[in-house]
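These are the residues of each chain, in order.
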Amino acid sequence: MNTLKINNLSLTYKNGHQAIQNFSLEINNGMFGLLGPNGAGKSSLMKTIVGLQKPSSGSIMFNDVDIVGNTNYIKKNLGFLPQDFGVYPKVSANDLLNHIAILKGIKNNDERSTQIQYLLQKVNLWDFKDKEVHTFSGGMKQRFGVAQALLGKPKIIIVDEPTAGLDPEERNRFNTLLNDISTEVIVILSTHLVEDVKNLCSEMTIMNKGKILKSGRPKELISTLDNKIWSKSIKKEELKFYQTNFNVISQQLIERQLHVTIFSMERPKNFEATTPLLEHVYFYALSQNNE
Ligand SMILES: Nc1ncnc2c1ncn2[C@@H]1O[C@H](COP(=O)(O)OP(=O)(O)O)[C@@H](O)[C@H]1O
Ligand SMILES: [Mg+2]
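Residues numbered from 1 in each chain as written. Chains lettered and ligands numbered in written order. Predicted model: local features only at pLDDT ≥ 70, side-chain atom pairs only at ≥ 80, totals over all residues. Heavy atoms only, no water.

Some thoughts on the site of ligand 1
Argument step 1. As a matter of local geometry, ligand 1 sits amid Tyr13, Asn15, His17, Ala19, Pro37, Asn38, Gly39, Ala40, Gly41, Lys42, Ser43 and Ser44.
Argument step 2. A distance of 3.2 Å is found between an oxygen atom of ligand 1 and a backbone nitrogen or oxygen belonging to alanine 40.
Argument step 3. Backbone polar atom of lysine 42 to an oxygen atom of ligand 1: 2.8 Å apart, as the coordinates give it.
Argument step 4. In isolation ligand 1 exposes 560 Å². Once the protein is present, 64% of that is buried.
Argument step 5. For the shell around ligand 1, the element with the highest residue contribution is helix α1 (residues 42–49), accounting for 3 residues.
Argument step 6. Class assignment of the residues belonging to the shell around ligand 1 gives a composition of 4 nonpolar, 7 polar and 1 charged. (Near = heavy atom within 4 Å. Polar contact = N/O pair within 3.5 Å; in protein donor to acceptor, adjacent residues only side chain to side chain. Areas by Shrake-Rupley, 256 points an atom, 1.4 Å probe, with all protein chains shown as cover. Helix = DSSP H or I, 4+ residues; strand = E, 2+ residues; numbered from the N terminus. Nonpolar A, V, L, I, M, F, W, Y, C, P; charged D, E, K, R; others polar.)

Here is the structure:
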């Protein structure tokens, strides 16, 4: 079992912006979802965990080793797919993986080619191994990104917004692949899409403005909203009234009819009971955070 422990982590950039504020979290093997809107601080957190930048204060321990002071330890055990990965030289998939494997310190030739073959098959790119990576589609590039992250048998895999730019089918395939490998390692998936976390992640954290808003198992977070989510179809002109008088967590056009979904401890008159979803957990947490 691997454990990542983040304790009281804060990060302030040189311009004074506080991107992470008193962040504490423990993550074990399995797939962990870090969900938050653009600017929440997800990439700042990932880059700090992998040792690309130093926190202003706080500690990060991986398997009881302090990895802020010892970035080599995390680098040895890490597979990282950064948000802006995607610019590739004119080199074949096989050659590029070989190059990265050497950089990762896999010195033995047989060991390198065994791992590369295994990973290219695992991400479904074996038939394209001699094709130049820069000609790959978005989904193929992301799968290549996973293959390079898995080289060297890492114990912790961090993928930052991997599904941005993928079509739904590619996203599905990509998420299934991550899920497959997450049984024996920690996989941290950062995303702004509730869809990516739903069904996939056994644990999750919702963050915004550098802070944790909610943490737990998706099912448990959803059940905290049982009998507290209500909806109603309204006229467009009425929206202001509902926003002023109710805790509106989302509004939606369904067949040209406007629906509002609200949070309330009791059923307001003329509202219908609605089964809570992870989307409601997310938007409710954000709405509370914006007050
Ligand atoms: N190098 C930097 N210097 C100053 N501010 C930054 C830097 N990188 C990110 N930020 C700011 O920190 C906040 C969090 O950014 P980021 O971690 O990229 O969020 P996310 O990945 O969740 O979209 C944003 O307000 C962003 O503008
Ligand atoms: Mg980001």
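That covers the picture; the talk isn't over yet.
Remarks on the domain arrangement of the protein chain
Accessible area lost on assembly of the parts is the figure often given for the size of an interface.
Argument step 1. Per the domain assignment, the segments of the protein chain are domain 1 (3–217) and domain 2 (227–275).
Argument step 2. Using C-alpha coordinates to define each centre, domain 1 is positioned 38 Å away from domain 2. (Domains from an automatic or database assignment.)

Let's talk about the packing of aromatic side chains
Argument step 1. In the structure shown here, the tally under the stated rule is 7 aromatic pairs.
Argument step 2. On the numbers, 5.9 Å between centres and 75° between planes, the contact of tyrosine 242 with phenylalanine 271 is edge-to-face. With a gap of 29 residues between them, tyrosine 242 in helix α9 (residues 239–245) and phenylalanine 271 in the loop between β13 (257–263) and β14 (272–273) connect regions that are remote in the sequence. There is no split in this pair, since tyrosine 242 and phenylalanine 271 are both buried.
Argument step 3. On the basis of an interplanar angle of 50° and a centroid distance of 5.3 Å, the ring pair of phenylalanine 246 and phenylalanine 271 is categorised as tilted. Highlighted residues: phenylalanine 246 in the loop between α9 and β12 (247–254) and phenylalanine 271 in the loop between β13 and β14, separated in sequence by 25 residues.
Argument step 4. Given a relative accessible area of 1%, phenylalanine 271 falls into the buried group.
Argument step 5. Put simply, the rings of Phe241, Tyr242, Phe246 and Phe271 touch in pairs and so form one group of aromatic residues.
Argument step 6. If you follow lysine 129 out to its NZ or CZ, it ends over the ring of tryptophan 126, 5.1 Å from the centre. (Phe/Tyr/Trp six-rings, centres within 6.5 Å; stacked < 30°, edge-to-face > 60°. Buried < 20%, exposed > 50% of the residue type's maximum accessible area, 1.4 Å probe, protein only. Lys NZ or Arg CZ within 6 Å of the ring centre and 35° of its normal.)

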